[in-house]
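Spelled out from the first residue to the last, the chains are:
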Amino acid sequence: MKHPANIGRGAKVALVSLGCPKNLVDLQVVASALRGAGFDVGVPEDAADAILVNTCAFIESAREEALDAIEEACSRKAEAAGRGRGAPAVVVAGCLPQRYRGKVLEACPEVDAILGVDDLDRAPEIVRAAIDRAAAAGAAAPAIDAVARGRSTRLFTAREPWFVLTPGPYAYLKIGEGCRHACAFCAIPGIRGRLRSRPAANLVAEARALVSHGIRELDVIAQDVMSWGRDLPGRPGLASLLRELDALPGEFRVRLLYGHPAGCTDELLDTVAASRRVVPYFDIPIQHASPDVLRLMDRRDTVAEVPRMVERIRERVPGAVVRTTCLVGFPGETDAMFEELLAFAKATKFDHLGAFVFSPEEGTKAFSMPDPVPARVARARHRRLMKAQAAVVAQKLDALAGTEATVLLESPPARRGEPWTGRTERQAPDDIDGVTFVRGLPATARVGDFVRVRYVGHTDYDLVAEI
Ligand code: SF4
């Protein structure tokens, strides 16, 4: 979308990022559009002409966090107005206004504008209009509503894909939007729409730009990366995209995040095993191990896949690290079904396992399903699963002592003599799998270096290594 030249005129915009990395990529698209229109982005909130809060609305706790952040932005606005300073405009973007436009404006009437997930490219004109609205305090103009009705259908590429908001030498490569599955508990297809894959050429160009700007790890994301390409002409699969990324020049690695078990094909596994750059890391939420619960969840296509999947990955990809996510307390989950999940998790020994307690989401099939599990029971199951996983992790980390790995250095020591912080292939960004502390690095070490280390110990979830 074209905007009048320099519509931003140097106006300062503070960005507040909430939710998952997919949301962060949307915020990068917005930030990049704003920069192109002459805005100065990423300033502190107390120096901003506008505060843009990019929200998540996946589950109740995410909505609460989003409303807290919006209220905080609104109180900054009120405080500045009370002191006679120019009050910053408040713009709310992302999943929350997309899903609950009315509720956002009702709960926070001081909000100047809302921006939906299909309107990211309108950010410059909307932020400009919001700033003008906030400056004309007292004029009772209605808030600006830039949220397209209905399911999301669009797909965006950032104007400057190398402009990233990640704090280290890594970047998220969002390869598609929406989801082709319809899990009974999940609100995402309703908010984000059906699967749309970005074309390979577009992704390869973005990857090239990121690597040439110093990015050393590309974290490939989507609602389900394994579905990539199914909606494109010729139905290319993720394996073909990985081969193209693998062939790019430069020193970097590639990591796959968020895959649906149904897409974990032998071709994909063999491609990862043969690749130079794609690390043998698989993040595949199984959600459950009881066939009955999987059927109730409308994940029938994973019933046959789940029991053998991890074994198959470990057989075909030497050194594979497997992360999964489980959902406990789904309606109809009996004690016996939960025990089945617990026994499976203990026997499978996932390298990383996260778990959520079911939260009924409006607009999903599971919202009105019978046989709800009492919250207390669900929480107790969650605790038992996480306790069992903590024991698995402790065993796994003990077994790593003395082995070698390659660390991507991400932050230097705060003080002399302290270790560097980095991540090995077994650790995804944003601290979800912990980090590796590296001792004994030379003074010449730099952020973005890959260094070979030997593990010497660990804390609960972090590893300690020496050069
Ligand atoms: S695969 Fe993931 S995003 Fe898609 S419907 Fe299921 S849980 Fe939601």
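Note that the structure is predicted; figures quoted are calculated from it, not measured. (Residues numbered from 1 in each chain as written. Predicted model: local features only at pLDDT ≥ 70, side-chain atom pairs only at ≥ 80, totals over all residues. Heavy atoms only, no water.)

Caption draft 1: Representation of the site of the ligand. Taken together, Cys179, His181, Cys183, Phe185, Cys186, Pro189, Gln223, His260 and Arg299 make up the full set of residues near the ligand. When its residues are assigned to classes, the shell around the ligand shows 5 nonpolar, 3 polar and 1 charged. (Near = heavy atom within 4 Å. Nonpolar A, V, L, I, M, F, W, Y, C, P; charged D, E, K, R; others polar.)

Caption draft 2: Broad picture of helix H8 (residues 266–274). Regarding H8, the residues found buried are Leu268, Leu269, Thr271 and Val272. Mapping the buried residues of H8 onto a view down its axis gives an arc of 160°, with all of them on the same face. Check the buried side of H8 and you find it contacts helix H7 (238–246), strand S11 (253–256), strand S12 (281–283) and helix H10 (306–316). (Buried < 20%, exposed > 50% of the residue type's maximum accessible area, 1.4 Å probe, protein only. Helix = DSSP H or I, 4+ residues; strand = E, 2+ residues; numbered from the N terminus. Arc of directions from axis to C-beta. Contact = heavy atoms within 4.5 Å.)

Caption draft 3: Just the sheet that holds strand S10 (residues 217–221), in detail. The strand order across the open sheet built from 3 strands is S7-S10-S11, with neighbouring strands paired in parallel fashion. Unpaired on one side and paired on the other, strand S7 (170–174) and S11 mark the two borders of the sheet. Across the sheet, the mean angle from the axis of one strand to that of its neighbour is 25°, orientation sign disregarded. Relative to S11, S10 runs parallel, the two sharing 4 bridges. Each bridged residue has a counterpart across the sheet, and for Val220 the counterpart in S11 is Leu256. Contacts between H7 and the sheet are confined to S7, S10 and S11, with S11 contributing the most and set at about 160° to the helix. (Pairing = 2+ DSSP bridges. Axes fitted to C-alpha atoms, helices over the stretch in contact; angles between N-to-C directions.)

Caption draft 4: Layout of the packing of H8 against H10. Closest axis-to-axis distance for the H8/H10 pair is 9 Å, and the angle between their directions is 35°. At the point where H8 passes H10, the crossing takes the right-handed sense. Together, Asp266, Leu269, Asp270 and Ala273 of H8 and Arg312, Ile313 and Arg316 of H10 make up the contact between the two elements. When its residues are assigned to classes, the contact of H8 with H10 shows 3 nonpolar, no polar and 4 charged. (Left-handed = near helix turned anticlockwise from the far one by under 90°.)

Caption draft 5: Main features of the pairing of strand S19 (residues 463–466). Across 4 bridges, the pairing between strand S17 (residues 436–439) and S19 is parallel. By the bridge assignment, Phe437 is partnered in S19 with Val464. Strand direction decides the pairing type here: strand S18 (residues 450–458) and S19, joined by 4 bridges, are antiparallel. Looking at S19, one finds that Gly457 is bridged to Val464. If you look at the hairpin formed by S18 and S19, you'll find 4 residues sitting between the two strands.

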